[in-house]
Amino acid sequence: MERNSVDYSPLLSKQGDDNGGYVGKFSPFVVSATKWILRTLISLIFILWAAFYFLLPSVPVHDLFLKWRNFSGGSYFGATGSILLILDAPVLIIAFLAIAYLIISGEDQIPEKKSSKYPRFRLWTFPLLINGPFGVVSATEFIGIIIFLAYVIWAFSAYAVQALATISDQLSFRAKSLHMLDFMGLRLGMMGKMCLAFLFIPISRGSVLLRFIDIPFEHATKYHVWLGHLTIVLFTLHGLFFAIEWLMEGRLIQELLEWKDIGVANLAGVISLVAGLSMWVTSLPGVRKWNFELFFYTHQLYVVFIVFMALHIGDFSFSMAAGPIYLFILDRFLRFCQSRRTVNVVSSRCLPCGTVEVVLSKPQNLRYNALSFIFLQVRELSWLQWHPFSVSSSPLDGKNHIAVLIKVLGKWTGKLRETITDVDASEDLSVKPNTVVTASVEGPYGHEVPYHLMYENLILVAGGIGLSPFLAILSDILHRVRDGKPCRPRNVLIVWAVKKSDELPLLSTVDMETICPRFSDKVNINIHIFVTRESDPPLEEGYSFKPIKSSLCPFSMPSDYGMSGLVGTGNNFWFGLYVISSTLGFVILLSLLNIYFINPSGLEKEWYKGLLFVVCMLASVVIFGGIVVGFWHMWEKQSSLKDKSDNIKVDQVEQNGSVDQKDPSQDNVTKLTAVRYGSRPDFKEIFESMSEKWGHVNVGVIVCGPRTLQSSVAQEIRSHSLKREPYHPIFHFHSHSFDL
């Protein structure tokens, strides 16, 4: 029922907005103008860079490229330097500008979108394809798919025409076939390198490029999967064309085992392709679902794939895709350094449904938002396995801790539950004395800005443990409303589908009345719960929000401070210093290598120069970037130790208070909740009801759950958008689910 008493006064005010100290030093006009200039420069450089890649198969652009290579070939860097300048430098320049943009934007940037009088469609949030091979695809993503497919078709056609134009009519059919196989095999390899240049951008978890365009890693993963399929197909055809040619000439084995000093090292290419095919086969959905560990461990062959590709084609050709690969190396080294640190486990508890909540210590200056997630490793269980979990706590719940909810679904999570506490199948928890859990964390990752705050109307659709990020959103909204911080949402509908009623206590982990007393006067929250596999309540009609009777289990850890902020949404200044110093170091090392070794010795071994090129990439990150990381660690340690004693006490008080103390006015929360047994959400009915209730507005719909749930919601949004009445809302689809 609509609440007429809701206060609709604007909640999005500048009061209490913390921008990390960067923005406040300049006037809003200067900041906005600088950001606009940076965005324009980045867009222009990217368009020119991508256009050059896409037009390279054409004769005019290819001839222009050859002229540039011949012109710059006499420098110390030779032909490799010309490639670095044209194809790699733009990517690195974009990264530098993106870092500057993030620094200027501030540390706690809220979406500054002007509320328009009329709602409008957005290509990025309109689900165009639903049940195809790509899953749920937005209109923007569909355009990207079309562009890449158009490139493949256009490039293959252009190269085929060029191959036919170079064939003499006097040649025999066999000679013509051999020529076509040789020509097209080489060009397919070039097309594969173009896709390889884009392949490593979405897989860099803390990539500054992804942060700039605000695409989190869990979304970008599917782009890596799509590009991976396309890349391996092109490289496989590349090898297959040459294999057929050599087979026709009767020298297949000889060519496959050949390792030339000048030209292409075929054996290295075979090893690289076998590694790539192994990664591809084990990453197919059926294999990955059957044995995730096989997929995970086999995917580490990317090191073999990249190194032997450099040996196969040499430094000149490898440098065509070196820019994005270098950014991936930068990200991977930071992740390695971050994951070496052990993290304080402040507390843990097991909820009645068996779900485990783990609260981790974090430094006060580590920022994240309610839609972030982390990768967690527990060394007592495995030194190699890292598992992603959505954050279930708001950054406003406490400055010194971060919480995740972990549902027991497999061996690893089952062992974690057993390690944390002894749990009888139906009895209360008992604490394990002297238990030590050594945890390490990568992240937090996620959206650069909390986009759930850009909508006045929100529908949060969760399936099972998918409620976890929405608990963080709910807490974040209530904290912001209470403290007067920037916050747009005024109407929030939570639709939660669970299999059994024993999962309902998850909702009680957020004490809404304690966070924001009388919150219903300021924000309208409704919760619809669907228990799909039970026809009736197990004990009583309906569901009341009762305190969770579970034990807090503090652990003594070997670490003196919380998780590191090297990766994810970490400190932009230090991150920028790390990227710039590593890049300058790479240029210095490559210059010294050419001036004092390659050029004086007249080195012509292509595979050897390719190996030295990779070594320079790695050494620059480890040496020059490592120095910055060392100072970064020292700065973090000093900042963390400064308030260590107070921080731990605050976290424990906050955690105990949020778990064991319930306000009597919690009955008000019960009135907002409707529980239905034996039925699934009828999204058509839900969206039609909200359309009549909210009117002509923008509505953000965030889904976290299995693919079937995402598809159902996306299909209803698409159907509603195509048939909507003029006075109905426009629903914007956002998925917070990912499959690694």
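Located above this text is the structure these notes cover.
What you see is a predicted model; the values in this text were computed from it and never measured.

**Student:** If you had to explain the sheet that holds strand β10 (residues 439-445) to someone new, which residues and values would you point to?
**Tutor:** Pairing in this open sheet of three strands is antiparallel, and the strands run β6-β5-β10 from one edge to the other. Whereas interior strands pair on both sides, the edge strands pair on one side only; in this sheet they are β6 (387-390) and β10. Adjacent strand axes in the sheet meet at a mean angle of 30° when their direction is disregarded. Pairing of strand β5 (residues 373-378) with β6, which is carried by four bridges, proceeds in the antiparallel orientation. Residue pairing across strands places Ile 374 opposite Phe 389, the latter belonging to β6.

**Student:** How would you sum up a nonpolar patch on the surface? Please name residues and give values.
**Tutor:** A contiguous nonpolar patch, built from Ile 580, Leu 584, Ile 588, Leu 592, Ile 595 and Tyr 596 and spanning about 580 Å² of accessible area, is present on the exposed surface. Within the secondary structure layout, Leu 592 lies in helix α17 (residues 572-601). Under the relative-accessibility criterion, Leu 592 is labelled partly exposed at 43%.

**Student:** Outline the side chain of Arg 205, listing residues and values.
**Tutor:** Within the element layout of this structure, Arg 205 appears in the loop between α5 (173-199) and α6 (208-213). In contact with Arg 205, not counting residues within four places along its chain, are Phe 217, Asp 331, Arg 335, Phe 375, Glu 442 and Tyr 445.

**Student:** Pulling in residues and values, what's your account of the pairing of strand β12 (residues 491-498)?
**Tutor:** Of all eight residues in β12, eight are buried; the element is thus mostly enclosed. Pairing analysis gives seven bridges linking strand β11 (residues 457-463) to β12, with the strands arranged parallel. Within the sheet, the bridge partner assigned to Ile 459 lies in β12 and is Leu 493. In this fold, β11 hands off to helix α15 (residues 468-483), which returns the chain to β12; that crossover is right-handed.

**Student:** How would you summarise the pattern of salt bridges if you had to cite specific residues and measurements?
**Tutor:** Oppositely charged side chains are able to pair whenever their charged atoms sit close together. According to the stated counting rule, one finds nine salt bridges in the structure shown. The salt bridge involving Glu 503 is made with Lys 407; its shortest N-O contact spans 3.5 Å. On the criterion of sequence distance, the pair formed by Glu 503 in the loop between β12 and α16 (512-515) and Lys 407 in the loop between β7 (401-406) and α14 (411-420) is long-range, its members being 96 residues apart. A relative accessible area of 25% means that Lys 407 is categorised as partly exposed. A salt bridge links Arg 482 to Asp 483; the nearest nitrogen and oxygen atoms lie 2.9 Å apart. Via salt bridges that share partners, Arg 205, Asp 331, Arg 335 and Glu 442 belong to a single interconnected network.

**Student:** If you had to explain the packing of helix α3 (residues 78-105) against helix α13 (residues 322-339) to someone new, which residues and values would you point to?
**Tutor:** The geometry of α3 relative to α13 is characterised by a closest axis approach of 7 Å and an angle of 40° between their N-to-C directions. Overall, the two elements α3 and α13 adopt an arrangement that is oblique. On the side of α3, the interface is formed by Asp 88, Val 91, Leu 92 and Ala 95, while α13 contributes Ala 322, Gly 323, Pro 324, Tyr 326 and Leu 327. For the contact of α3 with α13, the per-class residue count stands at seven nonpolar, one polar and one charged.

Rules and cut-offs
- Residues numbered from 1 in each chain as written.
- Predicted model: local features only at pLDDT ≥ 70, side-chain atom pairs only at ≥ 80, totals over all residues.
- Heavy atoms only, no water.
- Pairing = 2+ DSSP bridges.
- Helix = DSSP H or I, 4+ residues; strand = E, 2+ residues; numbered from the N terminus.
- Axes fitted to C-alpha atoms, helices over the stretch in contact; angles between N-to-C directions.
- Patch = residues over 30% accessible without salt bridge, like charges linked within 9 Å, V, L, I, M, F, W, Y side chains within 5 Å.
- Areas by Shrake-Rupley, 256 points an atom, 1.4 Å probe, with all protein chains shown as cover.
- Salt bridge = Lys/Arg side-chain N within 4 Å of Asp/Glu carboxyl O.
- Buried < 20%, exposed > 50% of the residue type's maximum accessible area, 1.4 Å probe, protein only.
- Contact = heavy atoms within 4.5 Å.
- Right-handed = clockwise from strand over helix to strand, strands pointing away.
- Parallel < 35°, antiparallel > 145°, perpendicular 65-115°, else oblique.
- Nonpolar A, V, L, I, M, F, W, Y, C, P; charged D, E, K, R; others polar.

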